[in-house]
Amino acid sequence: MLTFFVASAVFAQSEPKTNFSSWDVAYLNGTILEHNPDIGHLIQERTTGLRLRYNRKTTGEKEWQQRYNYPDWGVTAFYQDMGNPELGKNYSLLGHFNFYFLNRNLVASMGGGIAYNTNPYDAETNFRNVAYGSHLMSAITGSLTYRKERLLGNFGVEAGVYLAHYSNGKLRAPNTSTNVLSFGLGINYSDRETNYVPQMVTLGSYEEPWHFSVQLHGGANETSVIGRGRNPLFGLQVYADKRWSYKSVFQVGAEWFWSQSIKEFVRYRSVAFPEDGLTGDESASRIGLFVGYELRISQVAAFVQAGYYVYYPVPFENRFYNRLGLKRYFGDHIYGSIAVKAHAAKAEAIEFGIGYRL
């Protein structure tokens with residue numbers, strides 16, 4: 001799903017007048033970051049990986065390409081050995097964008113897609129793997145590399161820092177997830193006979209008035225109590241947004257949530273831990289206020305939101321929450337979204353949404 005959201009915008013663009021592309025491959029060596037003490041026992045040897053990418057150059061046919069300094073879009077195949085047999089290996093397929101700085105030598109990349117883990121949690125055979133509760137997970141990657149193209153014919157070199165995040169969004173417990181920081185070296189190949197120097201253009205300022213949006217979203221998740229099963233969740237989000245530049249949108253709004261997993265959590269705690277003072281009949285709803293930022297890239301947008309529950313009848317996780325996701329706009333009003341909602345580094349659910357922007 002993440003691959004679709006990242007790649008759908010770029011594939012929808014008209015064919016550029018001058019088509020050219022590049023390939024790059026990099027070897028990675030790194031370590032799992034201990035973002036949660038529950039995964040400390042899983043961090044053993046260093047991780048290793050191999051990243052292969054196909055990059056399609058943009059040539060300014062669309063305004064967004066000019067405003068983002070002629071980025072690349074492409075597809076990534078990514079392999080990573082997690083340095084512990086209990087964690088297994090991750091194989092990922094992602095869509096990505098490359099953004100250029102410093103005379104197009106410094107490259108910032110971001111991508112999203114799906115990952116397959118070879119050895120997830122199993123109550124009998126792999127109970128120590130509390131990081132991955134399922135074979136299929138979402139994968140989010142980022143990198144900052146220094147690249148020199150065409151040093152020897154069509155071949156060049158690059159080196160940089162890479163970050164990979166793997167999580168199933170608590171679709172199946174356990175799911176403490178992992179973040180992997182790596183350093184890598186690679187080579188690249190360009191099918192162009194000369195180094196690419198895009199024609200720079202001067203673009204005017206861009207701004208839109210305030211808009212209002214309404215979004216329905218839903219999904220499924222498990223509580224942290226393993227074996228309770230997946231349960232539905234859904235919500236309604238209403239917010240105002242201000243696009244104060246071509247790239248940046250500011251959001252402020254409110255939302256209502258309902259989760260069957262919270263209902264099951266309350267029932268379980270009321271019986272297993274009566275000292276909590278729960279009756280089992282508490283509401284499974286929450287109401288939050290949030291602010292957000294949206295980065296627009298053509299018809300795709302990456303967004304982040306931070307919120308606080310003003311109605312919080314059950315002490316589930318904590319009152320502050322955050323969300324990271326992608327949108328795909330279909331015209332001026334309708335959009336689809338996919339996001340991971342979390343409390344700090346603890347994911348609650350992967351949410352799928354559909355919205356209307358007035």
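Here, the structure is the one placed above.
The shown structure was predicted, so the numbers you read here are calculated from the model rather than taken from an experiment. (Residues numbered from 1 in each chain as written. Predicted model: local features only at pLDDT ≥ 70, side-chain atom pairs only at ≥ 80, totals over all residues. Heavy atoms only, no water.)

This part covers the environment of Gly 74. For Gly 74, the location among the structural elements is in strand β3 (residues 72-81). In contact with Gly 74, not counting residues within four places along its chain, are Tyr 54, Asn 55, Leu 94, Gly 95 and His 96. (Helix = DSSP H or I, 4+ residues; strand = E, 2+ residues; numbered from the N terminus. Contact = heavy atoms within 4.5 Å.)

This brings us to the packing of aromatic side chains. As enumerated under the stated definition, the model contains 18 aromatic pairs in all. Relative to Tyr 91, the ring of Tyr 79 has its centre 5.2 Å away and its plane inclined at 45°; by these criteria the two rings are tilted. You can see Tyr 79 sitting in strand β3 and its partner Tyr 91 sitting in strand β4 (residues 89-101), a full 12 residues away along the chain. Looking at Tyr 79, the relative accessible area reads 26%, which means it is partly exposed. For Tyr 91, a relative accessible area of 42% translates into the label partly exposed. Put simply, the rings of Trp 64, Tyr 68, Phe 97 and Phe 99 pair up and form one aromatic cluster. Positioned over the ring face of Phe 273 is Arg 269, at 4.1 Å from the centre of the ring. (Phe/Tyr/Trp six-rings, centres within 6.5 Å; stacked < 30°, edge-to-face > 60°. Buried < 20%, exposed > 50% of the residue type's maximum accessible area, 1.4 Å probe, protein only. Lys NZ or Arg CZ within 6 Å of the ring centre and 35° of its normal.)

Looking at the secondary structure, you find Lys 327 in strand β14 (residues 320-330). In this structure the side chain of Lys 327 is engaged in a polar contact, spanning 2.9 Å, whose partner is the side chain of Glu 294. (Polar contact = N/O pair within 3.5 Å; in protein donor to acceptor, adjacent residues only side chain to side chain.)

Pairing is antiparallel in the closed barrel, where 8 strands are placed in the order β9-β10-β11-β12-β13-β14-β15-β16. Taking each pair of neighbouring strands and ignoring which way they run, the sheet shows an average axis angle of 25°. (Pairing = 2+ DSSP bridges. Axes fitted to C-alpha atoms, helices over the stretch in contact; angles between N-to-C directions.)

Right, let's talk about the nonpolar core for a bit. Within soluble globular proteins, side chains that are nonpolar tend to cluster in buried spots. Core analysis: the largest hydrophobic core is formed by 19 residues, its most contacted members being Met 82, Leu 87, Tyr 132 and Tyr 166. The set of elements that each furnish at least two residues to this core consists of β1 (21-33), β6 (136-152) and β7 (155-167). Discounting residues that sit within four places of it in the chain, Tyr 132 has contacts with Met 82, Leu 87, Asn 90, Asn 117, Pro 120, Tyr 121, Met 137, Tyr 166, Pro 174 and Thr 178. Phe 257, Tyr 309, Tyr 329 and Tyr 335 belong to the second largest nonpolar core, which has 9 residues in total. (Core = buried A, V, L, I, M, F, W, Y, C linked by side-chain atoms within 4.5 Å.)

With that settled, the discussion passes to the pattern of salt bridges. Note on pairing: side chains with opposite charge can pair once their charged atoms come close. Here the structure, examined in full by the defined rule, presents 22 salt bridges. Here Asp 72 ties to Lys 57 by a salt bridge, and the two come within 3.5 Å at their closest N and O atoms. On the criterion of sequence distance, the pair formed by Asp 72 in strand β3 and Lys 57 in strand β2 (residues 47-57) is long-range, its members being 15 residues apart. Asp 72 sits in the buried class, given a relative accessible area of 0%. For Glu 208, the salt bridge identified is with Arg 243, shortest N-O distance 3.5 Å. Here Arg 243 lies in strand β10 (residues 231-243) and Glu 208 lies in the loop between β8 (178-190) and β9 (211-221), a separation of 35 residues in the sequence. One continuous salt-bridge network, built from bridges that share partners, spans Asp 24, Arg 51, Arg 53, Lys 57, Asp 72, Arg 147, Glu 149 and Glu 158. (Salt bridge = Lys/Arg side-chain N within 4 Å of Asp/Glu carboxyl O.)

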